[in-house]
Structure formats: structure tokens, C-alpha cells
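The residues making up each chain are set out below.
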Amino acid sequence: MEDWSGCLDVAVQMARRAGQMVQCAVKQEKQVSSKSTPTDLVTEADHQVEELIISTLREKYPSHRFIGEESSAAGVKCELTDDPTWIIDPIDGTCNFVHSFPMVAVSIGFAVRKELELGVIYHCFDGTLYTARKGHGAFCNGVRLQVSKEKDVSKALILTEIGAKRDPATLDIFLGNMKKFLSAPTHGVRIIGSSTLALCHIASGAAEAYYQYGLHCWDIAAAAVIIREAGGYVIDTTGGALDLMSRRVVAAGSREIADYVVKQLQPINYGRDDTDPDDLP
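The model shown is predicted, which means the values in this text are computed figures rather than measured ones.

Visitor: Now, about the sheet that holds strand E12 (residues 209-213): what can you tell me, with residues and values included?
Guide: With mixed pairing, the five strands of this open sheet are ordered in space as E11-E10-E12-E14-E13. Each having just a single partner strand, strand E11 (188-190) and strand E13 (233-235) make up the two edges of the open sheet. In this sheet, neighbouring strand axes are inclined to one another by 20° on average, regardless of whether the strands run parallel or antiparallel. The sheet contact formed by E12 and strand E14 (residues 248-252) spans five bridges and is antiparallel. Across the sheet, residue Tyr210 finds its bridge partner in E14, namely Ala251. Across the sheet, helix H8 (residues 255-264) lies against E12, E13 and E14, angled at about 145° from E14, the strand it touches most.

Visitor: Describe in detail the packing of helix H1 (residues 5-25) against helix H2 (residues 44-60), supporting the description with residues and values.
Guide: For the pair H1 and H2, interaxial distance at closest approach is 10 Å and the crossing angle is 160°. Comparing the axis directions of H1 and H2 gives the class roughly antiparallel. Here the hand of the crossing between H1 and H2 comes out right-handed. Contact residues: Val10, Met14, Arg17, Ala18, Met21, Val22 and Ala25 in H1; Ala45, Gln48, Val49, Leu52, Ile53, Thr56, Leu57 and Lys60 in H2. A per-class count over the contact of H1 with H2 returns eleven nonpolar, two polar and two charged.

Visitor: Explain H8 residue by residue, including any values.
Guide: Every α-helical turn comprises 3.6 residues, leaving residues that sit three or four positions apart pointing alike. Three or more residues of H8 are buried, namely Ile257, Ala258, Val261, Val262 and Gln264. What you see down the axis of H8 is that its buried residues fit within an arc of 165°, all on one side. Elements in contact with the buried residues of H8: helix H5 (168-182), E12, E13 and E14.

Visitor: Can you tell me about unusual backbone geometry, naming the residues and giving the values?
Guide: Cis geometry marks the peptide bond from Ala184 to Pro185, where omega comes out at 0°. Relative to the helices and strands, Pro185 is located in the loop between H5 and E11. For Arg113, which is not a glycine, the phi torsion comes out positive at approximately 55°. As for its placement among the helices and strands, Arg113 is situated in the loop between strand E5 (105-112) and strand E6 (115-123). With a phi close to 65°, Arg247 is a non-glycine residue in the positive phi region. Following the sequence through the fold, Arg247 ends up in the loop between E13 and E14.

Scoring rules and cut-offs
- Residues numbered from 1 in each chain as written.
- Predicted model: local features only at pLDDT ≥ 70, side-chain atom pairs only at ≥ 80, totals over all residues.
- Heavy atoms only, no water.
- Pairing = 2+ DSSP bridges.
- Helix = DSSP H or I, 4+ residues; strand = E, 2+ residues; numbered from the N terminus.
- Axes fitted to C-alpha atoms, helices over the stretch in contact; angles between N-to-C directions.
- Contact = heavy atoms within 4.5 Å.
- Parallel < 35°, antiparallel > 145°, perpendicular 65-115°, else oblique.
- Left-handed = near helix turned anticlockwise from the far one by under 90°.
- Nonpolar A, V, L, I, M, F, W, Y, C, P; charged D, E, K, R; others polar.
- Buried < 20%, exposed > 50% of the residue type's maximum accessible area, 1.4 Å probe, protein only.
- Arc of directions from axis to C-beta.

Here it is as C-alpha cells:
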């Protein structure tokens, strides 16, 4: 088994450095534009942070591949191969960043032979650092993480995110899914505007489950390692194995709650990250 501990150390250094860059940028005037939809925002800081991370990692690991949110949005093919691959979200929660709402993170995942090996997520506002390496546990600021083992959905807190599509049909499905969990009943449903930080709350045991349609591989990659190493489950919304490129996920502390969430969901089609948008129906 290869030792990727050196890569983890480098990812931690880069996440902290990028997070400090975001902390400075949040205080400045922001240049904001949109990508796929008017609600899918991007700022100059997104591009600058991603360029910092990728250029630094490429200098250290010239043979590695990279998948980044902003380079993918600019047309770089989003393809996961067997090669060592860094999967990067420079600013997760861009809308939060634009409004200085304090749920913003840098996310760096790493995969080899299409298997996720490590993840680092840095909370840009409070400096919380989540880390994990496959087979070596998950940690928050050096303290070991443990998911909630609650099996009773009536005692569960469920997290989700809305996704970029806001057409009436999509919103009807989204709200219908949420209604099922609110009437289950559960303790509640929360939306915080950052997929990566929401998933970290599953790893820490602060919430029992997370589901979403419309997120991307860079939202899932690092967090999936952290949740699994904290004892949790990260699966497809069909109940099968996670497909990193499928733009959908269910995560939970217990298999019982994961299975319950899967059974409630009506799907929303967002296509795939590894499919050219022009090829989508």
C-alpha cells in the first residue's frame, strides 16, 4: 500500500494558505459573475485561490492530474482517471462568501486509481481544519471525529442544499423531498449554503444525514473520506456505491438512516460531471 501521508501534509498547508487568502478577500470589494445559472456565482477570488492551489501542487507533483471547479467551468474536461488526481473546490459556498455569511470552505481531495485517499477541508471564517486519510481516521483540529450512530430517524437532524436549478418543476421535487423529512418526523432539516461544511457536520456527529442532487465531485471528494474515516456512510441516492461524478449523494452516520433517506428521495437529474454539457438531453 502506498503512503500518501506526505500528500496530506501538503494539502493541509495549501488549504490553510488558501483559507487565509479567502479571509482577506472577504473583506474586499468582490467582482461577482454567474456560471450555469444566475444563482451559480463565481468571483475573482475563486479563480485566484484555485490557481494558487493547483500551481503550487503541480510544481510539487508534476505527474499528477487536477480537477478544479473553476477550471472545469472554463471548459477543462472533468475526467477522473487512474492517475493520482487532486480534486479542488477553492471556495465552497461562493454565495455565502459574496454576502460574508460565515459558512465558506476550501476543499482538497485526492484520488488514486479512482479511489479517494485523503481529504482536507478548511473553514475559512473560524479556522477549523478537517482532515482524513484512508485507513488512518478523521480529525477536526487534531481531535478524532466520530459520526452519530443514531438509527432512529425521528431523532435525526437532516442537512441538504438546494442546488443551482430553480425552475418550478425542480423546486417542486426539492420541496417535496424536504417535506417528507419534515413530516417523518425528524428533529429538523437545515441548509447552510456549503456542501463541504454540511458534510463535515455529518463526520462530527452534529447531524445524522445529508442528501443532495446537483453538487459536484469537488464538493464530495474530500468530505467523503472524512465521513468514512469517522465511521459513516457515503453512498449514491439509489442506495448503491458512491459515483463521484454522478452529482448526487447521501451521507449518514448509520446505515439505517442512510437507507431511510434513500427510500424517501425523488430524483432530480443534473447530468454528470464527466459529461459534456452539450451532450445532456
